[in-house]
Amino acid sequence: DQQVKQNSPSLSVQEGRISILNCDYTNSMFDYFLWYKKYPAEGPTFLISISSIKDKNEDGRFTVFLNKSAKHLSLHIVPSQPGDSAVYFCAASWGDYKLSFGAGTTVTVRA
Amino acid sequence: ETGVTQTPRHLVMGMTNKKSLKCEQHLGHNAMYWYKQSAKKPLELMFVYNFKEQTENNSVPSRFSPECPNSSHLFLHLHTLQPEDSALYLCASSQDRRGTAFYGYTFGSGTRLTVV
């Protein structure tokens, strides 16, 4: 049972424009949501997180939005840069030490 | 060396072989994890260790056997694997429950396993 879903396997965006990545979840018990970035041949690295009691968190070019009623979160990258080309995973925290991950979205930033 | 280190980076093994994956973290974290990443699929949690004690076994087949001798080291012993077990195996660590929620895990670079 996949509790965290990323329905777009890929996204292509022009350099300087906004990248919007989406994630849906089903479990109301999730209390934190996180985004990870992964380059080929490397492990995922933590990008940004948001508590379930908030609806927005911003860190530089990265902003995460949470809509609890819709069980939806999104990651905005503005402006997109070539180094942002990677696979992005959405994750949700629940219970003790557990994270559930989505399948990932591959972002390609075009020059 | 800092972070989470996994060895080997690549492994090819036959179905009758026995091999082990190693993970080491130098972050002083209390919890360690094994995840499996298959192509186009979400990361699948396999095992969780908290203060060296296994707290989660996510219905993993017995041909995968974890070992955690101390809070800094984690092993995954492999025997009689199947070709469908070919995947990227990721080790991760986290400080504590709250750290996991806020900052997630610190991942290693993974071991790319191919079973032939």
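Fair warning: this is a prediction, and the values are worked out from it, not measured in the lab. (Residues numbered from 1 in each chain as written. Chains lettered and ligands numbered in written order. Predicted model: local features only at pLDDT ≥ 70, side-chain atom pairs only at ≥ 80, totals over all residues. Heavy atoms only, no water.)

Student: Residue-level account of the packing of aromatic side chains, with values.
Tutor: What describes a pair of aromatic rings is the distance from one ring centre to the other and the angle between the planes of the rings. According to the stated counting rule, one finds 14 aromatic pairs over all chains in the structure shown. Between Tyr 36 of chain A and Phe 107 of chain B the ring centres are 5.6 Å apart and the planes differ by 85°, which places this aromatic pair in the edge-to-face class. Taken together, the residues span two chains, with Tyr 36 of chain A in strand β4 (residues 32-38) and Phe 107 of chain B in strand β10 (residues 106-107). Both residues of the pair, Tyr 36 of chain A and Phe 107 of chain B, belong to the buried class. These aromatic residues form a ring-pair network of at least three members: Tyr 36, Phe 46 and Phe 101 of chain A together with Tyr 33, Tyr 35, Tyr 105 and Phe 107 of chain B. (Phe/Tyr/Trp six-rings, centres within 6.5 Å; stacked < 30°, edge-to-face > 60°. Helix = DSSP H or I, 4+ residues; strand = E, 2+ residues; numbered from the N terminus. Buried < 20%, exposed > 50% of the residue type's maximum accessible area, 1.4 Å probe, protein only.)

Student: So, the nonpolar core: which residues are in play, and what are the values?
Tutor: Counting residues in hydrophobic clusters, the biggest one holds 23 residues, and the most contacted among them are Phe 33, Trp 35, Leu 73, Leu 75 and Tyr 88 of chain A. Residue assignment for this core shows that the elements contributing at least two residues are β3 (19-25), β4, β5 (45-51), β7 (62-67), β8 (72-77), β9 (86-94) and β11 (105-110) of chain A. For this core, the leading source of residues is β9 of chain A, giving four residues. Listed in part, the 22 residues of the second largest apolar core include Leu 21, Phe 64, Leu 78 and Leu 81 of chain B. (Core = buried A, V, L, I, M, F, W, Y, C linked by side-chain atoms within 4.5 Å.)

Student: Outline the sheet that holds strand β6 (residues 56-59) of chain A, listing residues and values.
Tutor: Residue and element names in this part refer to chain A. Overall, antiparallel pairing links the five strands, which are arranged β1-β3-β8-β7-β6 in an open sheet. The open sheet has two edge strands with one neighbour each: β1 (4-5) and β6. The pairing of β3 with β8 spans six bridges and is antiparallel. Bridged to Asn 22 within β8 is Ser 74. (Pairing = 2+ DSSP bridges.)

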